[in-house]
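Reading the structure
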Amino acid sequence: MDELKLRNVHLQQVQNQIRHKTDGLSSSTLVLRRGQPFTILINYDGRPFDPLKDKLFFRIVLGPMSEEVPVSVSGQPSPSQWSAILEGSAPVRTQPVSLFSPASSSVGVYTLHMRVETHGGVKSHVLGQFTLLCNPWCQADSVFLQSEDLRNEYIRNDIGLLFKGCPNNIDSQPWSFDQYEKGILDICMKLLQLSPQSQADARKDLLNRNSPVYISRVISAMVNCQDDKGVLMGNWSGKYNDGVNPSTWSGSADILWKWSETQFSPVRYGQCWVFAAVMCTVMRALGIPTRVVTNFNSAHDTNANMVIEEYYSEKGEKLSISKDRIWNFHVWVESWMKRPDLDGDYDGWQVLDPTPQETSAGMYRCGPAAVKAVHEQKVSAPYDVPFVYAEVNADVRKIIIRDGKILETSVDKDRVGTLICTKRPGPAMLMQDITSEYKTEMEGMPFAVSGSARDGGCTTERFVHQGIGVSLQLPKAVVGENLSFNVIITNNMAIPKLLRKYVNAQNKEYNRDPTGTFWETYDDLTIGPNETVTVEHEISFYEYMLNEAMEDCLVNLAVVIEDVKSQERVLVSVEFNISSPVLNIQIQNESSVIINTQQVATVTFTNPFNVAVSGDLIVAGSGLLEEKVQMRLTIQPRETMRRPIRFIPRMTGAKMLHASLVLTAQSTVLRGFKTVTVQAA
């Protein structure tokens, strides 16, 4: 009789990855999801494999750990351990075998071994490696997500929007998560391998990698470089000569590639939205549903008293006295997972923040903090719920001082966490307001309180005092136009008043107190009994352009109204951003964009400034352009620039072409994007 000889084993990479919804992910290995079977084909020479006489075993190896899996002829897979079942019991020369991983398997890069035992002896073979990911399609997996639309958005979608600016003038920045780009998945696995936890005890780390709670906490620390060989170095100084200005990044692949190419040295530089976007890429690649979230007016409460103190001079100049800060916006991620480590139902979205702000158990990381625990004020729940709760709920105490003496105090309970948002699921690039998932309705207004309203792009900040009511009203501000705003003063008393009005405008960066005043005015006015007066003001484009070199273009505007007789003061302030002009992208025949067929897009931009601008135009698109298109431009005042961009789509589905114009002299990045659905041939 012929001897049983192994000819080859086919891991069926294409078929398995389509079934496991990992097609498109770029790795040197087969990529699979846990809790789901995969099939391999074993081809024999000589006599057929006979399951009654021959025995087959697999060995699943992960680091220093291994598990032997005997192949059975029939039966059901075990939910708690690896199993393998022959497909068919008759003797065959091509033998399909299904292997089953438990839904609680560790995420990692495995090696698959096989041993064949016959009457003629024992032979062992190494079949290759596979990468095992979490599986939100599997009901037994702790990252299971019910909705197919949400799974596609928070796992498979590789494009998104990051929200910056101010709640009254939101700046939507396109971002390419790039999880399908060459080598990105392997780099994400390297992130786990290089973590301090893995370096200290590889076996313990691999065992813990069955839990998305553990994985997310490791990734939160590894995206920054404070304690480890992490990906990104933060820099909020405004000086980026030895690295990349955080505002010029537009996708995660460039950052992760650079980290890998430099032997895992930190990439310079990131700020909150860059940290969060890179973490979103890594988590989606690992199979954990994740979205990027912006908290507008985010409190950094350094002394944990749930109150942010802000100090102003009697002329309305904001002073840098307090260590507490309110960031105009702060960006983190939420990941979807079960929380078996918590008492109560805290499954669902969890806050994770890789921006290095404060340490958590000795390392710069934050979360996972259950959003439900933040909403329910369950501040004892791990991890870092009190910190996140303060970011969205702290009170703001505004204090007017002179020579160290407090002249007036007011409390704003609405400003912090005024809007929390993410990209809405689906092809439309729109914002979704998720504030109510974090916060209950606002409490009743105290005696002297300020508040704000947004109405059709116009911001109104108001303060109501016993004697005087003051509102500050300004429309949406756009670069190149003058800043117009109204101060509305109401005398609530039945007697006339002599008032002194101070107005002050300061430059601002999103994460710190304002710098010097660039515009101010003051005057006296008389207001009649129960009268309302509107005073119009305008700051010319040249006045703020000469002083506003920061990329975010933020302004702190404050008004102090002083009752000359009683010396009572009312302070109203608003922080707002000045919108940059956008680039326009049009695609020829955009309704019929076909894979592997050349298409043409046109990028246009009209220079709104009275001076010529120069800079680098960069156009990119994951799945559309193999390499970025880059060109140097100079555009004269009021001139319209048009540049054709040719591209050949290489992936089907929703894709994004995005362009950025990095203006050299103005230290500003102008952006534009266009989404397109690529169809099969």
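Model, not experiment: these values are computed from the prediction.

On to the side chain of Glu309, then. If you trace the backbone, Glu309 turns up in strand S15 (residues 307-313). Look at Glu309 and you get buried, because its relative accessible area is 15%. If near-sequence neighbours (up to four positions away) are discounted, Glu309 is found in contact with Ser322, Asp324, Arg397 and Ile399.

Read from one edge to the other, the open sheet built from three strands follows the order S35-S36-S39, with strand pairing classed as antiparallel. Edge positions in the sheet fall to strand S35 (584-587) and strand S39 (640-647), since each of these pairs with one other strand and no more. Here the average twist between neighbouring strands, direction ignored, is 20 degrees.

The tally for this structure, following the rule as stated, stands at 36 salt bridges. Salt bridges sharing common partners tie together Glu310, Lys318, Arg415, Lys508 and Glu575.

Another point: the pairing of strand S34 (residues 569-577). Of all nine residues that make up S34, nine are buried, and the element is covered over most of its length. Across nine bridges, strand S33 (residues 554-563) lies against S34 in antiparallel orientation. Residue pairing for S34: Val555 is matched across the bridge by Phe576. The turn joining S33 and S34, which pair antiparallel and follow one another in sequence, is formed by five residues; a positive phi near 60 degrees is taken by Gln567.

This next bit is on the packing of aromatic side chains. Scanning the model with the defined rule gives 19 aromatic pairs in all. With a centroid separation of 5.3 Å and an interplanar angle of 80 degrees, the aromatic rings of Trp336 and Trp349 are classed as edge-to-face. Here the residue Trp336 occupies a position in strand S17 (residues 325-337), and Trp349 occupies one in strand S18 (residues 348-352), the gap between them amounting to 13 residues. An aromatic cluster is defined as three or more aromatic residues linked by ring pairs; in this entry it consists of Trp236, Trp273, Phe275, Trp327, Phe329 and Tyr510. The side chain of Arg115 reaches across the aromatic face of Phe57, ending 4.3 Å from its centre.

What follows concerns the side chain of Ser105. Within the secondary structure layout, Ser105 lies in the loop between strand S7 (94-100) and strand S8 (108-118). Residue contacts for Ser105: discarding those within four places in its chain leaves Arg34, Trp82, Tyr110, Leu132, Arg209 and Asn210.

Formed by 69 residues in total, the largest nonpolar core has its most connected members in Trp175, Ile219, Ile255, Trp259, Trp273 and Leu286. When residues of this core are traced back to their parent elements, those giving at least two are strand S10 (159-166), helix H3 (184-193), helix H6 (212-222), helix H7 (253-261), helix H8 (272-285), strand S14 (290-300), S17 and strand S24 (419-423). A per-element tally of this core places H8 first, with 12 residues. When neighbours within four sequence positions are excluded, Ile255 is seen to be in contact with Trp175, Val231, Leu232, Trp249, Val267, Val274 and Val278. By size, the runner-up hydrophobic cluster in this structure holds 58 residues, among which are Leu472, Val572, Val593 and Phe647.

A word on the sheet that holds S33. Taken in spatial order, the four strands make up an open sheet running S31-S30-S33-S34, and their pairing is antiparallel. Two strands lie at the open edges of the sheet, namely strand S31 (517-527) and S34, each paired on one side alone. For this sheet, the mean inter-axis angle between neighbouring strands, taken without regard to orientation, is 15 degrees. Inspection of the sheet shows strand S30 (residues 497-508) paired to S33 by 10 bridges, in the antiparallel sense.

Topologically, Asp524 is positioned in strand S31. Taking the C-alpha atoms as reference, Asp524 lies 7.2 Å from Leu498; in sequence the two are 26 residues apart. In this structure, Asp524 is in contact with Leu498, Leu499 and Arg500, ignoring residues within four places of it in sequence. Side-chain polar atoms of Asp524 contact the side chain of Arg500, separated by 2.9 Å.

Moving on, we get to the confidence of the model for the chain. Here the chain averages 92 in pLDDT, and 95% of its residues register 70 or above. Throughout residues 442-456 the model reports pLDDT below 50, and contacts reaching past four residues in sequence, or to other chains, amount to 34 contacts.

Among the secondary structure elements, Leu145 is positioned in the loop between strand S9 (121-133) and helix H2 (148-156). Look at Leu145 and you get buried, because its relative accessible area is 3%. A sequence separation of 203 residues divides Leu145 from Gly348, and the C-alpha atoms of the two residues are 9.0 Å apart. When sequence neighbours within four positions are dropped, the list of residues in contact with Leu145 reads Pro136, Leu150, Arg151, Tyr154, Pro289 and Trp336.

The next thing to look at is H2. Among all positions in H2, only Arg151, Glu153, Tyr154 and Ile155 are buried. The arc that holds every buried residue of H2, seen down its axis, measures 170 degrees, which confines them to one face. For H2, the secondary structure elements touched by its buried residues are strand S2 (30-33), H8, S14, S18, S24 and strand S25 (431-433). Where H2 begins, the capping side chain belongs to Ser147, and its oxygen is found 3.3 Å from the backbone nitrogen of Asp149.

Before going further, it helps to spend a moment on unusual backbone geometry. With omega at 10 degrees, the peptide bond leading from Arg268 into Tyr269 counts as cis. Checked against the element boundaries, Tyr269 lands in strand S13 (residues 267-270). Here the bond from Gly367 into Pro368 is cis, since omega is 5 degrees, no more than 30 degrees from zero. Tracing the backbone through its elements, the reader meets Pro368 in the loop between strand S20 (363-364) and strand S21 (369-370). We note that Lys21 has phi near 55 degrees; this positive angle belongs to a residue other than glycine. With respect to the helices, strands and loops of the structure, Lys21 is situated in the loop between helix H1 (13-19) and S2. Exposure remark for Lys21: the relative accessible area of 26% places this residue in the partly exposed category. Within the chain, Gln567 stands out as a residue other than glycine whose phi angle is a positive 60 degrees. The exposure class of Gln567 is partly exposed, given its relative accessible area of 45%.

About the criteria used
Residues numbered from 1 in each chain as written. Predicted model: local features only at pLDDT ≥ 70, side-chain atom pairs only at ≥ 80, totals over all residues. Heavy atoms only, no water. Helix = DSSP H or I, 4+ residues; strand = E, 2+ residues; numbered from the N terminus. Buried < 20%, exposed > 50% of the residue type's maximum accessible area, 1.4 Å probe, protein only. Contact = heavy atoms within 4.5 Å. Pairing = 2+ DSSP bridges. Axes fitted to C-alpha atoms, helices over the stretch in contact; angles between N-to-C directions. Salt bridge = Lys/Arg side-chain N within 4 Å of Asp/Glu carboxyl O. Phe/Tyr/Trp six-rings, centres within 6.5 Å; stacked < 30°, edge-to-face > 60°. Lys NZ or Arg CZ within 6 Å of the ring centre and 35° of its normal. Core = buried A, V, L, I, M, F, W, Y, C linked by side-chain atoms within 4.5 Å. Polar contact = N/O pair within 3.5 Å; in protein donor to acceptor, adjacent residues only side chain to side chain. pLDDT = per-residue confidence, 0-100. Arc of directions from axis to C-beta.

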